[in-house]
Structures are given as C-alpha cells and as structure tokens.
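# Examination of the molecular architecture
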Amino acid sequence: MPELIAPTVGLHASWLEAHDEWGPGLHEDGFGLRSTDAVRSPDGFAAWVARLVDRPDPEKPLDAGQVPCTYRWIVEDDRVLGGIALRHELNDYLLRVAGHIGYGIRPSARGRGLATWALGRMLVQARALGLDRVLIVCEVDNIGSTKTIERCGGVLEGIRDTELGPARRYWITL
C-alpha cells in the first residue's frame, strides 16, 4: 500500500533510482528539485531534503520568489514512486505557470492511479490550510495528468501559452 511521507535522507538510494529512471534533466514535478541541488552526494541530498522539509514552516526564511510549500513523496515498500508538492499560496509566476499543486510519478509506476490517490490526499491538506480552491497546471498534451486532475474535480479554465510552453489550467473547488 502506498504512503505519502515527508522527504527523508533514508531513501537516498531509492530516490536516486527514481531520478535515474526519469532520465537527464529536471522534470520530476513535485520534488522541488533545482539545477543547483547536488542530490547524488549524501551531503547534497541531505541539504536538499532539509530545504524541502523546512518549506512549509512560516518561521523559516524563503529564497526570493519562493512560497511556503508542503512536499510529500509517494512511497511503497521503501521505493520512491513519485512526489507531490502543495504550494500554500500563489505568486505571479505560480499563477501563470505552475499552480498550487505539482506532482510526478516515475515511469515504471504510472497507470496504477497513484497520482489520483496522492492528489486527493493533498487536496485534503489544501482544505486544512484554508484554501477554497486550487490551481493545477499541466502540459497541454499530458493526457495522464489531464485525466488525474479531472478525476479529482478539476474544471478546465483554458489553455494558455506559458514560459514552459502551452499548458492546461484547471481549478478545483475545495
């Protein structure tokens, strides 16, 4: 049975396995990975995990352009299957490009309903934060995400061109 857990250094090897499965680049939505994160080394991975764990704490200072965010990993039997991020608010960039929630499922774990399951749980957390609706954005041709968002109540606002290419914009009322 999958679980949503806070990022942890104890899953370094498993996370690297998932990262390698995605292939080169930064495309694991929901993990908060930056090009400067040195996740291959134990120290770099620990620093990255510490940053993710601190993001929802309103008392901790954030880098410019960042908002409080709750990160969770989708894990089953100590195997990292994906990640999901709930941004507690929207800045201009998030409103245009990324929305409140981003997620990614490693290729070998897709088709099991994990994204729908994880999104449903994060919507409960969004409600608990006091949000009355959330924006979720996906690439225009990402049929898997489109179905996931719609299963969870997403209503298509429209398709817009963004800095990352054309994207579907969905709102979910909580």
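A brief report on the enclosed structure follows. None of these values were measured; they are calculated from a predicted model. (Residues numbered from 1 in each chain as written. Predicted model: local features only at pLDDT ≥ 70, side-chain atom pairs only at ≥ 80, totals over all residues. Heavy atoms only, no water.)

## Considering the overall build of the chain
Looking only at helices and strands, the chain features 5 helices and 7 strands. For the chain, the N- to C-terminal ordering of α and β elements is β-α-α-β-β-α-β-α-β-α-β-β. Taking 2.2 N^0.38 as the reference for a compact globule, 174 residues should give roughly 16 Å; the C-alpha atoms of the chain span a radius of gyration of 15 Å, in line with that estimate. Dimensions along the principal axes, computed over C-alpha positions, put the chain at roughly 40 × 40 × 30 Å. Sequence-distant contacts, at least 24 apart, represent 60% of the contacts inside the chain between residues at least 6 apart. Within the chain, the 24 negative side-chain charges are centred at a point lying 4 Å from the centre of the 20 positive side-chain charges. (Helix = DSSP H or I, 4+ residues; strand = E, 2+ residues; numbered from the N terminus. Rg over C-alpha atoms; globule rule 2.2 N^0.38 Å. Contact = heavy atoms within 4.5 Å. Lys, Arg positive; Asp, Glu negative; His and termini not counted. Charge placed at Lys NZ, Arg CZ, Asp CG, Glu CD.)

## A few points about unusual backbone geometry
Positive phi, close to 50°, is recorded for Asp77, a residue that is not glycine. With respect to the helices and strands, Asp77 occurs in the loop between β2 (69–76) and β3 (79–87). Residue Asp77 is classed as exposed on the basis of its relative accessible area, which comes to 72%. Located in the positive-phi region is Asp78, a residue other than glycine, with phi close to 60°. Locating Asp78 in the fold gives a position in the loop between β2 and β3. Classification of Asp78 as exposed rests on a relative accessible area of 60%. (Buried < 20%, exposed > 50% of the residue type's maximum accessible area, 1.4 Å probe, protein only.)

## Quick look at helix α2 (residues 42–54)
The end-to-end C-alpha distance of α2 is 18 Å, a good match for the 18 Å that 13 residues give at a rise of 1.5 Å each. Buried residues along α2 sit in contact with α1 (12–22) and β2. (Expected span 1.5 Å × (residues − 1).)

## A look at the packing of helix α4 (residues 114–128) against helix α5 (residues 143–151)
Viewed as axis vectors pointing N to C, α4 and α5 meet at an angle of 40°, and their least axial separation amounts to 9 Å. As summarised for this structure, α4 and α5 are arranged oblique, according to the angle between their axes. Taken as a pair, α4 and α5 cross one another with a handedness that is right-handed. Listed contacts from α5 to Ala115, Thr116 and Leu119 of α4 are Thr148, Ile149 and Arg151. (Axes fitted to C-alpha atoms, helices over the stretch in contact; angles between N-to-C directions. Parallel < 35°, antiparallel > 145°, perpendicular 65-115°, else oblique. Left-handed = near helix turned anticlockwise from the far one by under 90°.)

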